[in-house]
Every structure is written in C-alpha cells, then in structure tokens.
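Here is what each chain is made of, one letter per residue.
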Amino acid sequence: MSIGIGLFLFVFAGMFDYDLELSEHVYTGEGLIWMFVAIIITSIGMFVFWRQDLSFDGTYEPLATGSPFRNIQIRKVGMFVFLMSEMMVFTSLFSTYMRYRLGLRRCDDVFADGLFDPVTNPTGWQEAVPVTCFEPASHLIASSWWHLAPGAVNTFALIISSFTIVQALRYAKKTDIDEELRRRRVTMFLGTTWVLAILFLTLKMVEWFVGFYIPDLGFIHEHEIKSLVAEGYTIGADHYQHHSYVDEATGAHMTANIRVSASTFYVTTGTHGAHVAGGIIGLTYMTYKAWRGGYTPTNAVSIEYFGLYWHFVDLVWVIVFPFFYLY
Amino acid sequence: MRKGNLSRAMMALSLVIGVLLLAPLASSLPTGIGGSSIQTAGCNCHNSVADSSVAANIEGFPEEYNASETYELTISFDGGPSQPGNINLGGFNLWASEGVFTPTDGLTSLWAGSVNEVVHTEAGNDYTSWVVDWTAPESGKEVDFILHVNSVNGDGLQTGQLDQWNRGTFTIQSSFGLVGEVIPEAPEPFVVLATLILISLALIAVTILYGFYRSDPDGFSWDTFSPWISDWLTTTDHKKIGTLYFLAGLFFLGIGGIMALFIRVQLATPGNDFLTQDQYNQFFTLHGTTMIFLAAMPLINGFANWMVPLQIGAPDLAMPRLNAMSFWLQPVGALLIFTGVFSGQGADTGWTGYAPYVVDMVNGHDGNTFWAAGQIMLVASSTLTGINFLTTIAVMRAEGMGWMQMPLFTWSILIANLMLFLSIPAFGVGLIQVYLDRVIGTAFYDVGAGGDPLLWSHLFWYFGHPEVYVVIVPAFGVISEVLATSSRRSIFGYKSMVFALAGIGVVAFIVYGHHMFTSGMSPVLRFVTMVTTMLVAVPTGIKIFNWLKTMHGGSLVYRTHTLWALGFLVTFTLGGISGMFFPSIAMDTHLHESYFVVAHFHYVLVGGTVFGFFAAIYYWYPKMTGRMMDERLGTLHFLTAFISYNGVFWPMHRLGVWGMARRHHTYFISTDDFANLPPEAADWNLFISVSAFLFFLSNFIMVANMVISYLRGAKAPADPWGGWSFEWMTASPPPTPSFGRYVDGEWYDLPVLRDANEHVTTEPGMFTRWFSRLMVPDDSNEEVSH
C-alpha cells in the first residue's frame, strides 16, 4: 500500500543532495541529473499516493468520534491543523521582514537626508561605497502602474480562483443536475482555477525575470518595463542603484547594499509562490479526476479540503501584496 | 528444506561479507594526501625515468639530533644527464617525517605550505646543490628523510637524452632516544565514530535477522523474509511505526552517547589533545543535535504512537500514511545531518547553530549546510506528526471520553505537540533562511549586508525553548501514569495536573528571552522574561507536589518503572532547582555558557526525559511485546545507571561555578592563576569521564534485558501492573486494529468510557481491601480521572 512512502522519502534526500552540491553561490549545473532523478522519484511517490485516491468514492471518509468534533470529517480537522502551522510559517517570514523593515533605515530616507549609519558608513556617503539600508521592492514596483500591473493582476487572479474553486465544490455537491453536466462544470471550474494559478506564476516570472514591453497604441504610451532582476534588484545586489538615487550636488549615482531587503522579498514571495506551485500540482491531478467524473455529491471532500488550502494561500497573498508590493 | 538451508547459508555469507566490506570502508576515509604521493609513487617532476647513476646526497646531518635545534642541510646530486653550462640542471623534493624546514634563500621553498616538505623553486632549477634549514622536532625517536632528485637534461633536448631521477632515504636518531614523549599513532576520531556507527548498524541487521530466524527456524528463507521486512518498511500501523520510532530513538541514543564519550575522553585531563579543536566542535554539535532531535524526539514519538491511540480508544492515528511519512523523513534527515561525520566536515556550530557562524562559508564547515537541510526534514517530520496527533486526540477519543477524562500521558502528548506545532515553523523558516544563505547567497544573516544574527537567535529560541518542554512534558505524562498505577490509586489532583500542563504550554512561549540575557537585549525585555521564566516553576511545582501526594495517598509498589519514576522525581527536582538560578539575570550573567548550564540541562533532559522514558520502557514493554521484563536486571540497571548518572552530572555544577566554560576544547589548571581552574578540577573531570563510561555501559543492561526478555521473558497478561486506562484493556501485544472491527466504512466495538469504569471495579478489585487499609483518607480531592 504505501511502498510509495518508502520511495517518497528517498526523494527528499536526493533533492537536498543536489542542492548541497551548489555550496558555492554560483550555479554550476553540477548534479543536475540527480535533481531530475529526485523529481522522478518524488513523482512516483506522489503517483502511488494518488493512485489510491483515484478510485476513492467518498464511502470511507472517516468521521470523528470525539465529543466536540463529532461527525466532522477527520481529514478536514487535520487540514485546519495543518493550516495552523502554515500560518506560523508565514508569521515567521513576516517577523523577519518586520525586523529588517523597521530595524534598517530606508534607502530613500538615507539618501534624502544624508545621515548615514555611523557604524557601517562612518564616513558618510561616498561615490562607489554602497550604503547598507533597506530598499523595499515596492519602491520599484509601486513606482508606476505598469510596474505594479503583474502583481495587481495576480491579486485578482487569486481572488477569482478562490471563487472558482468554491463554484467547483458547489457543482460537485449539487444533487439536482445530471452526472454529465456536473462532470463538465466541475472540470471547467477546477480547470479555470488551474489556469488562474498558472497565470499567477507566469506573471510572477515576468515580474521577476522577464519584464514586458508595451507598444505605443495611441491611447497607451510606449513602455518598456524591466524585470526586477534586470533592474538590479537581486539577492546579490551590493551596488544597487535606483534611478532616483542621484546625488544632486555631484550628479553621481548613489549605491546601496540591499541584499537583505531583496532576500526578504524574494524568499517571502517565493515561499508563497511555492505554495501556489504545490497547489498547481494538486489541481492538475484534481482536474484530471474531475474530468474522469470522480467527484460526486458524496465525494466532494477533496475539493473542499483543497479549497481550504487555496483560500489560505489567497489570504496570505492578500497580506503579502500590500506589505511587499504597495508600501 | 534444502532450499531453506541454502538461502540461510547465502544470507549468513552475504551478511559476513557485508560487515567485512563495511568495516574497512569506514576506516579508509580521505584524511588528506598533501604531497605524500611523491613518496610512494616516485618522482612527479618530469616525464622521466629512474636511474641508479643519479646519486642523491644530504650533508649536514648530526649524529643524533637535539630537540628543537636547527641544522643546515646541503642537498646535492651527481650523475645523470645534467651538464654544467646547460640552461637547467635539476631539482629536488625533500620530505621529512617530522620537523620544520625553513628555506634560507630563493632557491628553495616549502611544498604546498606543508612545513615538512621542501622543493626547489624556478630559480633553484639552475643548481645541483641547495641549502635549507631544518629544525628538529621536540620529541620522537627518529626522523626519516626521503629525498628525490631530478637530473635534468637542460640543453633543449639536443642530445635527446631523457631526464633521470633517483631517490635517497636517510634516518637520523634523536639524542634523547625514547625519553621524549612518544605519541602513539592515534586513529582519526571520526573514523572511529563512523566505524562504530556502521558496526552498530550491522549488529542491528544481524539482530533483526536472528530474531526473525528464531521466530521460525525451519521456514527461514528469503521468500518469507522479504515480505516480513517489507511489511515493516511500509507499515502504516501505529504500533509498528511506534516500534520503529522507538528502535531508531534507542539507536541514536547510543550514537549520541558515543559522541559524549569522545567529548569526555577529551576533557578527562587538562590540556588534552585527544580531539583537535575542530573535531571537538563537531562532536558537541552532533551530540546535541542527535540527542535532542534524533534520540529524545523519536523515543517520545515511539511511545506516543503506541499509547495515544490505545489510551483514547482509537483504532489508529487519524492519518496513518502521514504517520509513516513522518517517521521515514527522520532517517533520511539523520543521514543528511551525519553526512559531515563521513566527510570529516561536520556541522560545528553547536546544536543552536548560532548565526553568523552558521552561514560563514569560509570558516564554517560545509556540514552546516547539510545540518540545516537535515533539520529542515526533521521539521517537516515534526509538523506532520503534530498534525496527526492533534487531530487524533481532538477527534478520535472513545465514546464518552471527554477532555477531562483523557489519561495524563495523552494530555501531555497533546500539549507537547501543540507547543511543537506552533513553534517549529519559526525554526523551519530560520533553517530555510540559513540554507538559502549558504546555498544561493541570500543575506538574511550576513552581517556585512545588514543582516541581524540576533534574528536567528530569536527564531531559534522561540522554537528552542518550547522544544525543551516538548521533550520533558511527555515524560511528565509517563511519570503521572507510572506513579498513579504504582501507588494503586488515581492521580492526585487530575484537573490541576491538566491545567499545570496547559500552563507550561502557554508559558513556554514567553520565556525564551532567558537564553539571550547576555546578547544585549533591552533591560525591560530581560526583566519580563526573568519574571515569566520564574513563573515556569509554578506549574512544575504543582506537578511535583501532586506526584508526591499521589504516593502519599496510595500504597507504593516498587516495580522497576516505579524506581525510575522515583529517580526521575529526585533528579528532575534537582534540575529544576538549578534551573531557577538562570532566570535571575545577575546569576545568569555569571553562569552563562558554563558547566553549570550543562549540568542543569542534563539534569532535566537526562534525569527528566531519559529517566521518564526508561520508566516508560519498563512500564509498557509488556504491553508492546507481550513479554515481561526481568525485574532483577531492571533494578540492577536502575542502581548502576542512577548512581553513575549523578556521578557524571553532579560535579559539573561545581565546575561551572568555578568557571569552566562550556563548548571549550580544553581547560587548564593552576594554583595561582585566577583565569584557570583550581587543580581539583582535573580530578573532578576525570571522575566525570569515568562515570560517563559507567553510565554508558550500564544502559546496555537495559538493552540486554529487552533482548533477553523478548526471547525468553514470561508471557505478559493484559494488565500486568493493575493500570486502568484503555491500553490495559486490550491483549498484550494488542491485535491490529487494536480496538473494534471495520465494516463498510464504520467502526464497531470501539471501547467507550463505561468499559474503563467497569474495568476499575472488576480487575483492580482485588486491591480494594488494600486501598481501604493502606490509603491515608483523602477527602479533599477525590478525582475519578478515568
């Protein structure tokens, strides 16, 4: 039954082994093949896990026997407990962000008033000597509507996907429609959720790595929006230059060491992105199962559990977005 | 039958071969090659041939060398194709087994920075003799020299004659003969450790095979063995997973103990050099990590897996497959953490992994990355375990069992998992940050980029302090069960016990600042954590008082588990009292990072958790295996272990007050120097080391007891001790599923609380007269807990 688990764990070792090959902060490509092996073994483990669920028809959904939760599905309680720990994960990430956001001075202020940290920059600002300060990603992102566009679209994509997953659940539980209609509706809504999740990650990649170009359409002026990485906002950015950081007296560019700010930004939003990616893997399977007509009014629970998780991911984004993108 | 014999022989043979292969494998670690290949493989100077016509010479050797004296050696050669007037003439490589070379001019230089190997430089290529200074070693009997000279045909290959080389070996005696300190060839400690680990694994494999063989000697073949072993490897039954956890925990307890012994050997005498400083760092890091995460936690999880479903009358845990997953994440995580042992580059930051050292790519070992990776897996495992137990206890209690009817062990597991569950994500996130810092170069803890090492301390101790309660609280649960059963009454003050547990669970989250008193945090926060930390003593004191009152009101039966529970009471109370020194800031500043701290947390972690779980082993072993344990061996184990344990950790208090620093490679004694320890410290340290060996060995009595009892012990009845929680109502060992039948998606015949109540009136009924005669009338608090 759970041979998959035995495989599943070796996976993890494989994946970590690979990453550890990169102990230098340079991508060498060494051990890439082992990562593929690890991913394949993970997939086998997950496949074994899900193979048993594919035929699951909701008959054996275990119910609680203990008093305060009597007759509530056990797995639903488990899901809520799991979300509790997820909450702590993001709380910890936010603590990190708060500590650096409140503990370091904003680069804007530092460059504006010319007061430098007496410890790290005792001599005050000099050309080519970077100032250690906090540069929130929002300074770039919220600098124009176009920069903000991917994040804004993402926000709506996630909110809409929360709606579609509920619709999928609603149709799966509807008893007054025939089976074929239910199958098509559930597949459609789960598929929409899947598409929106993919859209989310795609726009994230655009915003991080690719950037985009808006041609001159008459009513819209020409824009070339560079990605965050192209703007130099990276975890290795110890000589970061924002376009507004120009010393008015000398005209020289003021540079900042923003590795900490970039790390908090990328790791927090990246963790959220990883949650979305995990959701996509789940959704892919669920859409397939829905397409096979696997969800019936008695067996809509996995949509419900997934919906709980998905709402949570959505909720986290609703908090991440203002903190990291707007302010 | 013949087939069976053949495969049995094959299996034995493959086992022997396996062990033989593994043992030398562990001893052939790369320990650095430097320039030594030249001594064995010959000259690597040019593509040339060895020729006897080239003669290597060294002049300036003394008859016998004096310690630390410097001699001028003249190296030269004759013969070969080297002709005066050619562009290049020759070169050399001189290696000495001991001593230090000092190049005197630009013609020679040290080879690859090693002081015992000297070679010619590019400028020295034009000579046939060179001069170098050699300083003799301080000790030793003799020194070997190996000289390679290379006679070069430096005329641009006009004559076509190849270069030639030859080797000369020289040995000089020391003037002081054997008087000097002779250091025997010591094996690399990591090699010893790795060998011990592999040998224990092999021994476990042999034991498993033998146990299986004994169960059915005739039907022993691969065909019957493979389904049996794969059943164990893929099981989702809470009892089997519990056993796996338990065995893994015991195994790592042994490994952690071996590391502790290494540390104690190093500290046995002042100024000892058994372990290098670098090795010592790795040993105490891995000792702490192993003991907390790989020994204590699996032991707890083992008993929790076994007993929680039985105690609440559930057929299994809520999510059996997740349960299997959370177990199997542990060995893989352990493998990652131990990668450093096998490569000699283990984590060296202490179990706390303090930043910024843990993200230091230059001075810190690569093992730190592996350490973080392995810990991330253990965090994932703990999270899954937490989900499982919280859900199980919340929703799967038997009919009629409300929160306030749960056995205290179940309560303690609930509280422990709640604490663990709410705190470990912070640790996980911190580890991910460290991991990313080390792997892809983020800057969370990079001080140069504005990163804050204290953030790690906060994230770590926000987890770390609840974590130490996570490992002690289940021991509280065990002791509550054991003492109540041994006193033949219900626990005194059940409700206050539950609220004390819950109180510890709440307070755990607001005290962690006391680990950082010396970090320069704000005085206000220090004061707050001082007060909250002192508050911890209140619920703990309530528990100890309740245990004493339970014994006072009952009539105690001195079984082995009772002895361990009493031992727990003594040692844990002592550990708790020494713990009350630390919240007071002034005291803490003095005792910080001293052996007083070491003594304190070993008194609560070994005297508390480990003793508690020894009691659990003796208490639940009959339930788990269906065999009784030997009481005489158990008592012997208790006496030896309890005495030697106190011999190890009690003197550490004194050493700590003297100022012996924790995590330091060694210490020095003197009578007049204030900075050093007094001379008695050396005696105490030797005493501690000897006791540590005794303590380590005494625990093998328990292992032997377990093995012997498993094979030959008397059959255990369902309720050998007269306990009356649910686990004593099913057979020993329990069937699978433990309770009830599963028909058409519904459970039938699960126990209800009424069963336990009936059980109380029937089974322990024979004690009723004893109760009425021996019990001190207890009218104030007559709780019916079960």
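Being a predicted model, the structure only gives us computed values, none of them experimental.

**Observations concerning the overall build of chain A**
Move 1: From N to C terminus, chain A includes nine helices and four strands.
Move 2: When its helices and strands are written in sequence order, chain A yields α-α-α-α-β-α-α-α-β-β-β-α-α.
Move 3: For chain A, the residues scored as buried account for 37% of the 327 residues in total.
Move 4: Within chain A, contacts between residues at least 6 apart in sequence are counted, and of these 68% link residues at least 24 apart.

**Let's talk about the overall build of chain B**
Move 1: For chain B, the helix and strand inventory stands at 19 helices and 13 strands.
Move 2: Expressed as a percentage of its 786 residues, the buried residues of chain B come to 49%.
Move 3: Taking contacts inside chain B between residues at least 6 apart in sequence as the whole, the part at least 24 apart equals 80%.

**Quick look at the packing of helix α7 (residues 320-343) of chain B against helix α8 (residues 367-395) of chain B**
A pair of packed helices can be characterised by two numbers: the angle between their axes and the separation between those axes.
Residue and element names in this part refer to chain B.
Move 1: Two elements in contact, α7 and α8, have axes whose closest approach is 8 Å; the angle formed by their N-to-C orientations is 165°. Taken together, the axes of α7 and α8 lie roughly antiparallel to each other. The way α7 lies across α8 gives a crossing that is left-handed.

**Some words on the nonpolar core**
When a protein is soluble and globular, its nonpolar side chains tend to lie buried together.
Move 1: Counting 250 residues, the largest nonpolar core has I479 and A615 of chain B as the members making the most contacts within it.
Move 2: Among the nonpolar cores identified, the runner-up in size contains 23 residues, and A96, V118, W130 and V143 of chain B belong to it.

**Regarding helix α6 (residues 277-312) of chain B**
Residues and elements named next belong to chain B.
Move 1: Spanning 36 residues, α6 covers 50 Å between terminal C-alpha atoms, matching the ideal 52 Å at 1.5 Å per step.
Move 2: Taking the largest bend as the criterion, α6 deviates by roughly 35°, centred on T290.
Move 3: α6 sits mainly inside the fold: 33 of its 36 residues count as buried.
Move 4: G313 sits one or two positions beyond α6 and adopts a positive phi of about 70°.

**Here's the deal with the environment of F321 of chain A**
All names here are of chain A.
Move 1: As for its position among the elements, F321 is in helix α9 (residues 301-326).
Move 2: Classification of F321 by C-beta neighbours within 10 Å gives partly exposed; the count is 19.
Move 3: Residues F321 and L102, 219 residues apart in the sequence, show an inter-C-alpha distance of 18 Å.
Move 4: With sequence-adjacent residues up to four places away left out, F321 is seen in contact with G151, T155 and L326.

**Topic: the environment of A682 of chain B**
Residues and elements named next belong to chain B.
Move 1: Checked against the element boundaries, A682 lands in helix α17 (residues 680-712).
Move 2: Judged by C-beta crowding, with 18 C-beta atoms within 10 Å, A682 ranks as partly exposed.
Move 3: The sequence separation of A682 and L655 amounts to 27 residues, and the corresponding C-alpha distance is 9.7 Å.
Move 4: The residues contacting A682, other than those within four sequence positions of it, are T269, P270 and I669.

**Overview of unusual backbone geometry**
Residues and elements named next belong to chain B.
Move 1: At the junction of A355 and P356, the peptide bond is cis and its omega measures out at 0° in the coordinates.
Move 2: Relative to the helices and strands, P356 resides in the loop between α7 and α8.
Move 3: Not every positive phi belongs to a glycine, and E593 is a case in point at roughly 55°.
Move 4: Residue position: E593 is located in the loop between α14 (585-591) and α15 (595-625).
Move 5: Residue E593 is classed as partly exposed on the basis of its C-beta count, with 13 C-beta atoms lying within 10 Å.

**Quick word on the sheet that holds strand β4 (residues 70-78) of chain B**
All names here are of chain B.
Move 1: The four strands are arranged β2-β4-β9-β6 in an open sheet whose pairing can be described as antiparallel. Every other strand in the sheet has two partners, leaving β2 (55-59) and β6 (100-103) as the edge strands with one partner each. Adjacent strand axes in the sheet meet at a mean angle of 30°, parallel and antiparallel pairs treated alike.
Move 2: Of the pairings in the sheet, the one linking β2 to β4 comprises five bridges and is antiparallel in character. Of the residues in β4, the one forming a bridge with N57 is S76.

**Some remarks on the confidence of the model for chain B**
All names here are of chain B.
Move 1: In the predicted model, chain B carries a mean pLDDT of 81, and 83% of its residues have values of at least 70.
Move 2: With pLDDT under 50 throughout, residues 39-47 is counted as low confidence; its partners more than four residues away or in other chains account for 14 contacts.
Move 3: A low-confidence stretch, residues 177-186 stays under pLDDT 50, and its non-local contacts, those more than four residues away or across chains, total eight contacts.
Move 4: The complex model carries a pTM of 0.77, and its ipTM stands at 0.88.

**Side note on the confidence of the model for chain A**
Residue and element names in this part refer to chain A.
Move 1: Scored by pLDDT, chain A comes out at a mean of 79, with 74% of its residues at no less than 70.
Move 2: Predicted confidence for residues 1-7 stays below pLDDT 50, and this span has 24 contacts to residues more than four positions away or in other chains.
Move 3: Between residues 18-24, whose pLDDT stays under 50, and residues either more than four places distant or in other chains, the model counts 17 contacts.

**A closer look at the packing of α8 of chain B against helix α9 (residues 408-439) of chain B**
All names here are of chain B.
Move 1: In contact at an axis separation of 8 Å, α8 and α9 are set at 150° when each is read in the N-to-C sense. Between α8 and α9, the crossing angle belongs to the class labelled roughly antiparallel. As α8 runs across α9, the sense of the crossing is left-handed.

**Quick look at the pairing of strand β10 (residues 142-151) of chain B**
Residue and element names in this part refer to chain B.
Move 1: Of all 10 residues that make up β10, seven are buried, and the element is covered over most of its length.
Move 2: Bridge count for strand β5 (residues 90-96) against β10 is seven bridges, and the pairing is antiparallel. Counterpart to G91 in the pairing with β10 is N150.
Move 3: Pairing of β10 with strand β11 (residues 164-174), which is carried by 10 bridges, proceeds in the antiparallel orientation. Note that in β11 the partner of I146 across the bridge is T169.

**Describing the environment of A502 of chain B**
Residues and elements named next belong to chain B.
Move 1: Here A502 shows up in helix α11 (residues 494-507).
Move 2: C-beta crowding within 10 Å serves as the criterion here: with 15 such atoms nearby, A502 is assigned to the partly exposed category.
Move 3: Along the primary structure A502 and P539 are separated by 37 residues, whereas in three dimensions their C-alpha atoms are 8.8 Å apart.

What counts and how
- Residues numbered from 1 in each chain as written.
- Chains lettered and ligands numbered in written order.
- Predicted model: local features only at pLDDT ≥ 70, side-chain atom pairs only at ≥ 80, totals over all residues.
- Helix = DSSP H or I, 4+ residues; strand = E, 2+ residues; numbered from the N terminus.
- Buried ≥ 20, exposed ≤ 12 C-beta atoms within 10 Å, placed from the backbone.
- Contact = placed C-beta atoms within 7 Å.
- Axes fitted to C-alpha atoms, helices over the stretch in contact; angles between N-to-C directions.
- Parallel < 35°, antiparallel > 145°, perpendicular 65-115°, else oblique.
- Left-handed = near helix turned anticlockwise from the far one by under 90°.
- Core = buried A, V, L, I, M, F, W, Y, C linked by C-beta atoms within 7 Å.
- Expected span 1.5 Å × (residues − 1).
- Bend = angle between axes of the 7 residues up to and from the residue.
- Pairing = 2+ DSSP bridges.
- pLDDT = per-residue confidence, 0-100.

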